[in-house]
Amino acid sequence: MLPQGLIVSCQALPEEPLHSSFIMSKMALAAYQAGAKGIRANTKEDIIAIKEEISLPVIGIVKRDYEGSKVFITATSKEVDELIESGCEVIALDATKQERPKESLEELVSYIREHAPNVEIMADVSDLEEAVNADKLGFDYVGTTLRGYTEYTKGHVLYENDFQFLKDVLSNVNAKVIAEGNVITPEMFKRVTDLGVHCTVVGGAITRPLEIAKRFIKEIEGK
């Protein structure tokens, strides 16, 4: 089980300056030294490098695009197999109602339970219907990761109306709830913790210096 507290997302896509398994392992080390309780990481290679550096539990994902589908977070059993090989403690996958490239969500859950019975599963959702469905499918964790990132939730952010979406998820599922997506300040982290989430994933506000620097620049541009 993931410990309660802060999970730091250590990810960098190929087009980003920090793309490197070595760099991500050092990001994870910094998070560990700061007191983080876990790591979220992308790709088998990065997860293996992180696990060689620290002993924190890892939420593993593999981001891969498939033609004809907008699902790209651990979309098929191919990505699941890579994550099982990585040794991560939790596998997270897109649990939205968007069209999938191959297996159904139910089939992927069954596949993980059969091939990695000791690995927990996290659902990345964008609306309440998806959260409830993931709960029915037996996910160990339901995360708000994709709020605002699907066509039908575009324009929404997790923190609007004092985290009302998160409150709705907490009230309607039995699985442990993970706050993720646009938790961008320490004050927001404290607020979602007070609301009763099991843990919180923070990424861009901590581990993406390019995006952090852009926010500073944007604040003075045009003024």
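Located above this text is the structure these notes cover.
Note that this is a predicted model, so its numbers are computed, not measured. (Residues numbered from 1 in each chain as written. Predicted model: local features only at pLDDT ≥ 70, side-chain atom pairs only at ≥ 80, totals over all residues. Heavy atoms only, no water.)

(A) Structural view of the overall build of the chain. In terms of regular secondary structure, the chain is built from nine helices and eight strands. The globule rule puts the C-alpha radius of gyration for 223 residues at 17 Å, and the 17 Å found for the chain is close to it. Taken over the C-alpha atoms alone, the chain extends approximately 55 × 40 × 35 Å along its principal axes. Counting every position in the chain, which comprises 223 residues, the buried fraction comes to 48%. Carbon and sulfur atoms form 52% of the exposed surface of the chain, whose accessible area is close to 10900 Å². Computed over 25 positive and 36 negative side-chain charges, the inter-centroid distance for the chain is 4 Å. (Helix = DSSP H or I, 4+ residues; strand = E, 2+ residues; numbered from the N terminus. Rg over C-alpha atoms; globule rule 2.2 N^0.38 Å. Buried < 20%, exposed > 50% of the residue type's maximum accessible area, 1.4 Å probe, protein only. Areas by Shrake-Rupley, 256 points an atom, 1.4 Å probe, with all protein chains shown as cover. Lys, Arg positive; Asp, Glu negative; His and termini not counted. Charge placed at Lys NZ, Arg CZ, Asp CG, Glu CD.)

(B) The sheet that holds strand β8 (residues 199-202), seen in detail. Taken together, eight strands build a closed barrel; the order of strands is β1-β2-β3-β4-β5-β6-β7-β8 and the barrel is parallel. Neighbour-to-neighbour, the strand axes of this sheet turn through a mean angle of 25 degrees, independent of strand direction. Bridge analysis of strand β3 (residues 58-61) against strand β4 (residues 90-94) gives two bridges, and the strand direction is parallel. Each bridged residue has a counterpart across the sheet, and for Ile59 the counterpart in β4 is Val90. Here helix α1 (residues 21-34) sits on the sheet in contact with β1 (5-10) and β2 (38-42), set at roughly 165 degrees to β1. (Pairing = 2+ DSSP bridges. Axes fitted to C-alpha atoms, helices over the stretch in contact; angles between N-to-C directions. Contact = heavy atoms within 4.5 Å.)

(C) View of the packing of aromatic side chains. Scanning the entire structure with this criterion turns up zero aromatic pairs. Here the basic side chain of Arg147 rests over the ring of Phe165, its NZ or CZ set 4.3 Å away from the ring centre. (Phe/Tyr/Trp six-rings, centres within 6.5 Å; stacked < 30°, edge-to-face > 60°. Lys NZ or Arg CZ within 6 Å of the ring centre and 35° of its normal.)

(D) Looking closely at the nonpolar core. Residues Ile39, Ile50, Ile91, Leu93, Val125, Phe139 and Leu166 are the most contacted members of the largest nonpolar core, which totals 50 residues. The dominant element in this core, judged by the number of residues it contributes, is α1, at five residues. Setting aside its immediate chain neighbours within four residues, Val125 contacts Ala95, Thr96, Glu130, Ala131, Ala134, Val142, Gly143, Thr144, Thr145, Leu146, Arg147 and Phe165. Among the nonpolar cores identified, the runner-up in size contains 13 residues, and Leu2, Ile61, Met122 and Tyr141 belong to it. (Core = buried A, V, L, I, M, F, W, Y, C linked by side-chain atoms within 4.5 Å.)

(E) How the structure looks around the pairing of β8. On β8, burial covers both faces: Cys199 and Val201 on one face and Thr200 and Val202 on the other are all buried. The sheet contact formed by β1 and β8 spans four bridges and is parallel. Looking across to β8, one finds that Leu6 is bridged to Thr200. Summarising the sheet, strand β7 (residues 176-180) and β8 pair through three bridges and their orientation is parallel. Counterpart to Ala179 in the pairing with β8 is Thr200. At this point the chain moves from β7, through helix α7 (residues 186-195), to the parallel β8, and the crossover so formed is right-handed. (Right-handed = clockwise from strand over helix to strand, strands pointing away.)

(F) Representation of the pattern of salt bridges in the model. Taken as a whole, this structure holds 18 salt bridges when the rule is applied. The residue Arg40 makes a salt bridge to Glu180 at a minimum N-O spacing of 3.2 Å. You can see Arg40 sitting in strand β2 and its partner Glu180 sitting in strand β7, a full 140 residues away along the chain. Per residue, the accessibility class of Arg40 equals that of Glu180, and both read buried. (Salt bridge = Lys/Arg side-chain N within 4 Å of Asp/Glu carboxyl O.)

(G) Structural view of helix α6 (residues 160-172). Taking 1.5 Å per residue, 13 residues should reach 18 Å; α6 reaches 19 Å between its end C-alpha atoms and fits that length. Most pronounced at Leu166, the bend in α6 amounts to some 30 degrees. Burial in α6 covers these residues: Phe163, Phe165, Leu166 and Val169. Tucked into the core, α6 has its buried residues touching α5 (128-136), β6 (141-143), β7 and α7. (Expected span 1.5 Å × (residues − 1). Bend = angle between axes of the 7 residues up to and from the residue.)

Spatial relationships are all this shows, so hold off on functional conclusions.
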